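What follows is the residue order along each chain.
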Amino acid sequence: MEIAKTEHDADAARRAAWQSTAAAAQRTSPRSGPRRALKRAVLVALAAGVLVGGVLLIMPDGREAKAPPPAPGPAARALTAVTGGAPASVADVTALITDRAAWVRTHPNDEASWTVLGSAYLERGVRGADSSYYPRAEWALKRSLQVRPKDNLDAETGLAALANARHDYAAARTLAESVRTRKADRWTLYPPLIEAYNGLGDPKAAAKAVEQMLELRSGTPALTEAAEVYRQHGWREDALVALDEAVAHATSPVQKAAALVSAGDLAWERGEPDAALAHYEAALRTDPGAHAALAGRARAKVALGRKADAQRDYLAAVAVLPRPEYLLELGELYESQGLDGDARAWFDKLRELAARDGSNGVDDALVLGRFEADHGAAHAAVDRLEAEWRAHPSAAAEDALGWAMYRAGEPEEGLVHVRKATDSGVRSALFSYHQATIERELGQSGAARRHLQDALRTNPQFSPVLAPKATEALAALGEPADGGPRDVYGHVAGAQSGSGGGGGGGDSSASSGSSSGSSSGQSSSQGSKRPARPRPAKPSRRG
């Protein structure tokens, strides 16, 4: 494979194509809109720059570097950032790629520089949502392993991060755990290991890994990783504290902006659109290249009723950061306004992007399955998501599979999965809405009422399409019938006999037990299944 000569031509062409599509869609969009209020959803799951920045760390292993450091400037800034565990700007990472690529042309046996080059390609791909960089990253990292096959821990850690970027969490876990077996005090292995555990639906292992990481490393990247794990457990206050510290301890504008984006995501998920908007705007003021903040700001504006402004932000975001989930959100925003033609255009673009990602080794099964369940072929969504759930049994995959089963006419089977998702500890309005809808379909009106209330309490504007449906469904259910616990919960609480009778108020006895004891409105009611809680306090100042 030829080392990249110039990255700019391809980037410019791709950006122009996206901007052309964005401009066409904007011409058909309504202008202006009323102003109102929002906050958090997705992902902290991790700010992408912070996550990969932690992986890009190329720590010396007792050896002197074979390559000289870059001359002062963008490449040197990027090298300093990535070796310090921080994200770097796209421009600086591109400069680092150019510098290391030139070096390895004349020094092909410098495995450390091959690792830096591969990790920089990976960072460039993640920062720009451009999976075409991933094959180049894989090639450079494997070239490093060819030069030094044994104990090349930096290259192995980089390959773990690449596997995560491609959503192959099982491979990422195997690689990162292999590094930990040989060098458990190497903190750079923990960010990809934590992401792999989260992707595999193993929050207990992720919590333990965070605890180990905080013993080894302080600073913004470690705190951001910790915040994501706390969020996965439903420990939102701990996540908020960790993110506040991450923002305070940031040592560069790019690093601070990434932490602010994560804080905005958390605020949106908590149903606090005003706070989310403030975080996203602060991120853009700090680093205008924080394009994820544009999509976050769009999400917040939707919740505040500013849909025309939100469309402009989404269009600006996908022009430079075309992530599949953003295209799905934009299409659904158009759909919520009755602009079905515009929605279909962006859904088609989503399919094209997923196909391109697939050609570069990325598995977009989760977002594609969600899309197909609501906008495509539900049975195809079930097949896709069942495979995804078996490979990566996360709460998100569990919920998506259950919803697809319901949409495909299998509500009983779907309810089993969505209940597991809501019981996982993740506080998600979408999860609660999915469970409520299936319960209502099955005649479990009491449980459905509670989970609709929980969805709207968690985030009243969690979706421009589904949040209004949740409000309508709750109004249609009305108030609980008189008669006590049987009518509220679908069973007689504390009944001593095994008969239980029939469920009052239209609820079936199937809603007892797991339904009444689910995580609907209880953020910490996980009982013995809740893993040991890592310490959210200030991490060790070592390293």
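On a predicted model such as this, the values are computed, not experimentally measured, just so you know.

How each quantity is defined
Residues numbered from 1 in each chain as written. Predicted model: local features only at pLDDT ≥ 70, side-chain atom pairs only at ≥ 80, totals over all residues. Heavy atoms only, no water. Phe/Tyr/Trp six-rings, centres within 6.5 Å; stacked < 30°, edge-to-face > 60°. Helix = DSSP H or I, 4+ residues; strand = E, 2+ residues; numbered from the N terminus. Buried < 20%, exposed > 50% of the residue type's maximum accessible area, 1.4 Å probe, protein only. Lys NZ or Arg CZ within 6 Å of the ring centre and 35° of its normal. Contact = heavy atoms within 4.5 Å. Core = buried A, V, L, I, M, F, W, Y, C linked by side-chain atoms within 4.5 Å. pLDDT = per-residue confidence, 0-100. Axes fitted to C-alpha atoms, helices over the stretch in contact; angles between N-to-C directions. Parallel < 35°, antiparallel > 145°, perpendicular 65-115°, else oblique. Left-handed = near helix turned anticlockwise from the far one by under 90°. Nonpolar A, V, L, I, M, F, W, Y, C, P; charged D, E, K, R; others polar. Expected span 1.5 Å × (residues − 1). Polar contact = N/O pair within 3.5 Å; in protein donor to acceptor, adjacent residues only side chain to side chain. Salt bridge = Lys/Arg side-chain N within 4 Å of Asp/Glu carboxyl O.

### Comments concerning the packing of aromatic side chains
Under the criterion given, the structure shown has seven aromatic pairs. Measuring from centroid to centroid gives 6.3 Å for tyrosine 121 and tyrosine 133, while their planes differ by 40°, and the two rings are tilted. Here tyrosine 121 is found in helix 5 (residues 111-127), whereas its partner tyrosine 133 is found in helix 6 (residues 133-147), with 12 residues between them in sequence. For the pair tyrosine 121 and tyrosine 133, a shared accessibility class is recorded, and that class is buried. Cluster of aromatic residues (ring-pair linked, three or more members): Trp403, Tyr406, Tyr433 and Phe462. The side chain of arginine 136 reaches across the aromatic face of tyrosine 133, ending 4.3 Å from its centre. One cation-aromatic arrangement involves arginine 299 over tryptophan 268; the distance from NZ or CZ to the ring centre is 5.7 Å.

### Section: the environment of arginine 384
Inspection of the secondary structure puts arginine 384 in helix 20 (residues 378-391). Note on arginine 384: relative accessible area 32%, which makes it partly exposed. Remark: the alpha-carbon pair of arginine 384 and alanine 404, spanning 20 residues in sequence, is separated by 9.7 Å. Not counting the four nearest positions on each side in its chain, arginine 384 is found in contact with Ala365, Leu368, Gly369 and Glu372.

### With respect to the nonpolar core
Membership of the largest hydrophobic core comes to 43 residues, with the highest contact counts inside it found for Tyr280, Ala293, Tyr314, Leu330 and Trp346. Only helix 12 (236-249), helix 13 (253-269), helix 14 (273-286), helix 15 (291-303), helix 16 (307-320), helix 17 (324-336), helix 18 (340-359) and helix 19 (365-375) provide two or more residues apiece to this core. Counting 31 residues, the second-largest nonpolar core is a separate cluster that includes Ala400, Val418, Ile438 and Val465.

### Details of the side chain of glutamate 156
By the secondary structure assignment, glutamate 156 is in helix 7 (residues 153-165). The residues touching glutamate 156, leaving out its near neighbours within four places in the chain, are Leu145, Asp151, Leu175, Ser178, Val179 and Arg182.

### Some details on the confidence of the model for the protein chain
Summarising the model, the protein chain shows a mean pLDDT of 81, and 74% of its residues fall at 70 or more. Contacts for the low-pLDDT stretch residues 21-65, under 50 throughout, to residues beyond four places or in other chains number 149 contacts. Of the regions scoring below 50 in pLDDT, residues 489-543 engages in 116 contacts with residues more than four places distant in sequence or in other chains.

### Structural notes on the packing of helix 9 (residues 190-199) against helix 10 (residues 203-216)
The contact between helix 9 and helix 10 brings their axes to 9 Å, and the two run at 165°. In terms of their interaxial angle, helix 9 and helix 10 are classed as roughly antiparallel. Every pair of crossing elements has a handedness; the one defined by helix 9 and helix 10 is left-handed. In this structure, helix 9 contributes Tyr190, Pro191, Leu193, Ile194, Tyr197 and Asn198 to the contact, and helix 10 contributes Ala205, Ala206, Ala209, Val210, Gln212, Met213 and Leu216.

### Describing the packing of helix 15 against helix 16
Look at helix 15 against helix 16: their axes get within 8 Å of each other, and the N-to-C directions meet at 160°. Classified by the angle their axes make, helix 15 and helix 16 are roughly antiparallel. Along this stretch, helix 15 crosses helix 16, giving a crossing that reads as left-handed. Residues His291, Leu294, Ala295, Arg297, Ala298, Arg299, Lys301 and Val302 of helix 15 form the contact with helix 16, whose own contacting residues are Lys307, Asp309, Ala310, Asp313, Tyr314, Ala316, Ala317 and Val320. Looking at side-chain class alone, the contact of helix 15 with helix 16 contains nine nonpolar, one polar and six charged residues.

### Some words on helix 13
Residues lying three or four places apart along an α-helix face the same way, a consequence of the helix completing one turn every 3.6 residues. The end-to-end C-alpha separation of helix 13 is 24 Å, in line with the 24 Å expected for 17 residues at 1.5 Å each. Most of helix 13 sits out of view: 15 of its 17 residues are buried. Count one or two residues on from helix 13 and you reach glycine 271, which has phi positive near 80°.

### Observations concerning the environment of threonine 157
One can find threonine 157 in helix 7. Sequence separation between threonine 157 and alanine 172 is 15 residues, and the spatial gap between their C-alpha atoms is 8.6 Å. A polar side-chain atom of threonine 157 sits 2.8 Å from the main-chain carbonyl oxygen of leucine 153.

### Quick notes on the pattern of salt bridges
Taken as a whole, this structure holds 25 salt bridges when the rule is applied. Here the salt bridges do not stand alone but share partners, grouping Glu228, Arg231, Arg236 and Glu269 into one network.

### Some details on helix 16
A rise of 1.5 Å per residue sets the reference length of helix 16, with its 14 residues, at 20 Å; its end C-alpha atoms lie 20 Å apart and thus fit the reference within 8%. Burial within helix 16 is extensive, with 11 of its 14 residues counted as buried. Among all positions of helix 16, only Ala308, Asp309, Ala310, Gln311, Asp313, Tyr314, Leu315, Ala317, Val318, Ala319 and Val320 are buried.

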